[in-house]
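Notes for the structure review
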Amino acid sequence: MEDNKNASKCIKIGVMGDSTVGKTAICNSLMGLEFSPDMLGTIGVDKSDKLVKVKNNEKIKVVLWDTAGVESFRSVVFWHIKNADGVILVFDFCLRESFINLDRWLNEIKENLKVSSIILFGNKADLNETSWVITSEEVNKYVKEKRIPFFKVSAKTGKGLNEGLSYIVNEIYDKKSEETKNNKVIIIDENDIEKKKKKSDCVRNKKNKK
């Protein structure tokens, strides 16, 4: 894990989707850990973090929540990541059910979280398309309808992962920066307060003299 003491901001991202789609392997790969085909499924939520540079070379601490995909842990998962800024939703090109369930995931995310950005990862892009059970045409049609950014990725080779993470981090960063810009705090100088008080006192004194 990288030293994140110099990070000026923190962005929190939940990695979600059905069980066995490769969420843990994706998180590990993004953390620079070696791929293993024998990874155990996540129980509840696992958290890791790293530094990511955004457009202006500012270092941002990114917290990744690797979440369990089984339904019995769903309420626990959403409670743990209730303050997430964004979600990476994952399906497996070789598991049709994981693609079919994307609508349910999107609905539950929108019902339970207030995230500013959601992107989609299609895992196992390292395999030949002939071994996929979901076609590129199906995915392209889906993401066009849902208007959701999509990345073909591989937890095994790392393909597309950094590009996807960089996209969502920069998108969240831009939205947070815009919110900060639109909510500027007006600071009143103490001297101005004193001047206003003195002026009011003068008015009262004139009235009293009458």
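These numbers were taken from a predicted model, which means no experiment stands behind them.

**As for the nonpolar core**
Of all hydrophobic cores here, the largest spans 29 residues; its most connected members are M16, L89, F91 and I109. With four residues, the single largest contributor to this core is helix 4 (residues 102-112). In this view, L89 contacts M16, G17, L102, W105, L106, I109, I119, L120 and F121; residues no more than four positions away in its chain are not counted. The next biggest cluster of nonpolar side chains, apart from the first, holds 26 residues, and it includes I26, V52, I60 and I172.

**What about the confidence of the model for the protein?**
Detail in the predicted coordinates should be disregarded across regions flagged by low pLDDT. Averaged over all residues, the pLDDT of the protein is 82; the fraction at 70 or higher stands at 75%. In this model, residues 1-8 is a region of pLDDT below 50 whose contacts with residues beyond four sequence positions or in other chains number 13 contacts.

**Let's talk about the pattern of salt bridges**
The final tally for this structure, using the stated rule, is seven salt bridges. With a closest N to O distance of 2.6 Å, D174 and K55 form a salt bridge. Of this pair, D174 sits in helix 6 (residues 161-182) while K55 is found in the loop between strand 2 (45-53) and strand 3 (59-67), placing the two residues 119 residues apart along the sequence. On the basis of relative accessible area, D174 is assigned to the partly exposed category, the value being 33%. On the accessibility criterion, K55 (61% relative accessible area) is exposed. Measuring nitrogen to oxygen at the nearest pair gives 3.4 Å for the salt bridge that ties D85 to K176. Of this pair, D85 sits in the loop between helix 2 (74-80) and strand 4 (86-92) while K176 sits in helix 6, and the two are 91 residues apart along the sequence. Here D85 falls in the buried class, since its relative accessible area comes to 13%. In this structure K176 comes out as partly exposed when scored by relative accessible area, which is 30%.

**A word on the pairing of strand 4**
Walk down a regular strand and you will see the side chains alternate between the two sheet faces. Most of strand 4 sits out of view: seven of its seven residues are buried. Covered by surrounding structure in strand 4 are G86, I88, V90 and D92 together with V87, L89 and F91, the residues of both alternating faces. Note: strand 1 (residues 9-17) against strand 4, five bridges, orientation parallel. Bridge pairing in strand 4 links G17 to V90.

**Considering the sheet that holds strand 6 (residues 150-152)**
Within a sheet, adjacent strands bond to each other through the backbone by hydrogen bonds, running parallel or antiparallel. An order of 2-3-1-4-5-6 is seen for the six strands of this open sheet, with the pairing classed as mixed. One side of each edge strand has no neighbouring strand; the edge strands of this open sheet are strand 2 and strand 6. When the angles between neighbouring strand axes are averaged without regard to direction, this sheet yields 25°. Here seven bridges tie strand 1 to strand 3, and the two strands are oriented parallel to one another. Bridge pairing in strand 3 places G14 opposite W65. Along the sheet, helix 1 (residues 23-30) makes contact with strand 1, strand 2, strand 3, strand 4 and strand 5 (117-123), crossing strand 3 at roughly 160°.

**Structural notes on the side chain of S136**
With respect to the helices, strands and loops of the structure, S136 is situated in helix 5 (residues 136-146). Take S136: its relative accessible area is 10%, and that puts it in the buried class. Among the polar contacts listed, one links the side chain of S136 to the side chain of K152, at a separation of 3.2 Å. Beyond its immediate sequence surroundings of up to four residues, S136 is in contact with E129 and K152.

About the criteria used
Residues numbered from 1 in each chain as written. Predicted model: local features only at pLDDT ≥ 70, side-chain atom pairs only at ≥ 80, totals over all residues. Heavy atoms only, no water. Core = buried A, V, L, I, M, F, W, Y, C linked by side-chain atoms within 4.5 Å. Buried < 20%, exposed > 50% of the residue type's maximum accessible area, 1.4 Å probe, protein only. Helix = DSSP H or I, 4+ residues; strand = E, 2+ residues; numbered from the N terminus. Contact = heavy atoms within 4.5 Å. pLDDT = per-residue confidence, 0-100. Salt bridge = Lys/Arg side-chain N within 4 Å of Asp/Glu carboxyl O. Pairing = 2+ DSSP bridges. Axes fitted to C-alpha atoms, helices over the stretch in contact; angles between N-to-C directions. Polar contact = N/O pair within 3.5 Å; in protein donor to acceptor, adjacent residues only side chain to side chain.

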